[in-house]
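# Coordinate analysis (summary)
Residue-level listing of the chains:
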Amino acid sequence: MNTAYESASLRNPKPELLDPAHVAGRNNTLDSIISSMPTFNNVSVDTDCTIHGQQSWLVTAAVANAGNVQCQKCQWERDAYQDKMRSMKAELLASLEMPSEHINADFSQWSVTGDNQLRERIAIIVSFAKKYAASYQKGCENILLTGNTGTGKTKLACLIANEIIRQRYHTRMTVAFKRSGQIQQEIKATWDKSSNDSDAAYIERLSRSTVLIIDEVGEADTGYSDKAADKDRERLSAIIDRRYQLRLPTIITTNMTADEFYHHMGDRASDRLRQNLVDIACVWPSYRMLTGNVRSL
Ligand SMILES: Nc1ncnc2c1ncn2[C@@H]1O[C@H](COP(=O)(O)OP(=O)(O)O)[C@@H](O)[C@H]1O
Ligand SMILES: [Mg+2]
Ligand SMILES: [Zn+2]
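Conventions and cut-offs
Residues numbered from 1 in each chain as written. Chains lettered and ligands numbered in written order. Predicted model: local features only at pLDDT ≥ 70, side-chain atom pairs only at ≥ 80, totals over all residues. Heavy atoms only, no water. Patch = residues over 30% accessible without salt bridge, like charges linked within 9 Å, V, L, I, M, F, W, Y side chains within 5 Å. Areas by Shrake-Rupley, 256 points an atom, 1.4 Å probe, with all protein chains shown as cover. Salt bridge = Lys/Arg side-chain N within 4 Å of Asp/Glu carboxyl O. Helix = DSSP H or I, 4+ residues; strand = E, 2+ residues; numbered from the N terminus. 1 Å grid on protein atoms, 1.4 Å probe; cavity = no way out; pocket = protein on both sides within 12 Å on 5 of 7 lines; lining within 4 Å. Points joined across faces, edges and corners; volume = space filled by probe spheres on them. Nonpolar A, V, L, I, M, F, W, Y, C, P; charged D, E, K, R; others polar. Expected span 1.5 Å × (residues − 1). Buried < 20%, exposed > 50% of the residue type's maximum accessible area, 1.4 Å probe, protein only. Arc of directions from axis to C-beta. Contact = heavy atoms within 4.5 Å. Axes fitted to C-alpha atoms, helices over the stretch in contact; angles between N-to-C directions. Left-handed = near helix turned anticlockwise from the far one by under 90°. Core = buried A, V, L, I, M, F, W, Y, C linked by side-chain atoms within 4.5 Å. Pairing = 2+ DSSP bridges. Donors = N, O, S within 2.8 Å, 3.2 Å for Na, K, Ca; no water. Tetrahedral: all angles 85-135°; square planar, octahedral: opposite > 155°, others 65-115°.

## Some details on a nonpolar patch on the surface
- Where nonpolar side chains cluster on the molecular surface, the patch consists of L30, I33, I34 and M37 and spans about 400 Å² of accessible area.
- Here I34 shows up in helix α3 (residues 20-36).

## A few points about the layout of surface pockets
- As a volume, the largest pocket reaches approximately 530 Å³.
- Considering the residues around the largest pocket, the lining is formed by 25 residues, among which G150, T151, G152, K155 and R288 are closest to the centre.
- When contributions to the lining of the largest pocket are tallied by element, the ones reaching two or more residues are α7 (153-168) and α13 (287-291).
- Counted by class, the lining of the largest pocket contains seven nonpolar, eleven polar and seven charged residues.

## Describing helix α6 (residues 116-134)
- When the terminal C-alpha atoms of α6 are compared, their 27 Å separation across 19 residues agrees well with the 27 Å that a helix rising 1.5 Å per residue should span.
- Burial in α6 covers these residues: L118, I122, I125, V126, A129, Y132 and A133. Buried positions in α6, seen along its axis, are confined to an arc of 125° and lie on one side of it. Pointing more than 90 degrees away from the buried face of α6 are the exposed residues N116, Q117, E120, I124 and K131.
- Considering only its buried residues, α6 is in contact with β3 (142-146), α7, β6 (250-254) and β7 (277-281).

## Description of the packing of α6 against α7
- It is the contact of α6 with α7, at a shortest axis distance of 8 Å, that shows an interaxial angle of 40°. Remark: the crossing between α6 and α7 carries right-handed chirality. Judged by residue contacts, I125, A129, Y132, A133 and A134 of α6 engage L156, I160, E163, I164, Q167 and R168 from α7.
- Here the contact of α6 with α7 is built from residues that sort into eight nonpolar, one polar and two charged.

## With respect to the nonpolar core
- Counting 38 residues, the largest nonpolar core has Y132, L145, I160, I164, I165, V175 and I251 as its most contacted members.
- Listed by contribution, the elements that provide at least two residues to this core are α5 (72-95), α6, β3, α7, β4 (175-179), β5 (211-215) and β7.
- Among the elements that take part in this core, α7 stands out by supplying eight residues, more than any other.

## Considerations on helix α8 (residues 180-189)
- Within α8, the full set of buried residues consists of S180, G181, Q182, I183, Q184 and I187.
- Summarising the contacts, the buried residues of α8 are in contact with β4, α9 (199-207), β5 and α10 (226-246).

## Here's the deal with the sheet that holds β4
- Here five strands make up an open sheet; going across it, the order is β4-β5-β6-β3-β7 and the pairing parallel. Looking at strand neighbours, the two that pair on one side only are β4 and β7, the edges of this open sheet. The average angle at which neighbouring strand axes cross in this sheet is 10°, direction not considered.
- Alignment of β5 against β6, held across three bridges, turns out to be parallel. Counted as the bridge partner of L212 is T250 from β6.
- Contacts from α6 reach β3, β6 and β7 within the one sheet, and its direction differs from that of β7 by about 145°.
- With respect to the sheet, α8 is in contact with β4 and β5, its orientation differing from that of β4 by roughly 95°.

## Brief notes about the pairing of β5
- Most of β5 sits out of view: five of its five residues are buried.
- Burial along β5 is two-sided: V211, I213 and D215 and L212 and I214, pointing in opposite directions, are all buried.
- Bridge count between β4 and β5: five bridges; the pairing is parallel. In the sheet register, A176 faces β5, and the bridge partner there is L212.

## Some thoughts on the coordination of the zinc ion (ligand 3)
- Around the zinc ion (ligand 3), the protein supplies C49 (SG), H52 (ND1), C71 (SG) and C74 (SG) as donor atoms, at distances of 2.2 to 2.4 Å.
- Coordination at the zinc ion (ligand 3) is tetrahedral, judged from the four donor atoms that bind it and the angles of 101 to 118° they form at the metal.
- The sequence motif formed by the donor residues of the zinc ion (ligand 3) is C-x2-H-x18-C-x2-C. The pair formed by C71 and C74 is uniform in burial state, with each residue classed as buried.

What follows is the structure, encoded as structure tokens:
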């Protein structure tokens, strides 16, 4: 700030700034500021680090007395690493392929509505979801979110995924949010002659996602021939099966009931999922209905 002002005043000096009395006044002010600053009693501390060798650091007496002064170069590297992790985590959260309203969202955006009994049940579900995210790892439960459209299944799945990233982030983490119909389209796109990808490679890649949400299973199947629908289910089943082998959990949402879903997916995939599954039936009124504003004219 001063620099800009001073360089301007050098080009066009203001007489009062050159007045020795004025300059002396300024110095007095500076002296009084400096003298009123707390003085730090710095002491030298030696560290011997396996990476950076012997180093000496000037630290305040208070820090030295607290003991355990560590190699500051290691500390700077740790700080830089943590900054990098924070920014990579933020990048991942911002880049997820999920409905934009859920990007970066957290459970504070989940409103609780309904009577006391429903509120209690939702509190249990939200508390489960947070704990699940905090301890997410290989071998933990699959989640099946069932219920009518508009009850927040997609939202809940996305909030869980976001929370997993916040709580369990690591640099090799990959997170995929796919609508079931989108998976089918993307697999079919690999069959195109111009594609460098193969369906098997796509399925393997998706199956290896650290977190996988398959949204709206069953939604795109109607209108297909039975045979095409069977093929779609087989491919979905292959992903569920592969994740089972890899001990990676899958989060699924569907508008079907749990029984309809098991029937739809067939025994093999259903049995794999049910080995370790939390089934959350979202049996409450649609959020859009509860909060909507419909006028009849
Ligand atoms: N508990 C809730 N709190 C806030 N918004 C909600 C809640 N449940 C649903 N919504 C909102 O209602 C809309 C429908 O939710 P969505 O997750 O798409 O439902 P579903 O997947 O069950 O059809 C979305 O805009 C979502 O953000
Ligand atoms: Mg949905
Ligand atoms: Zn060091």
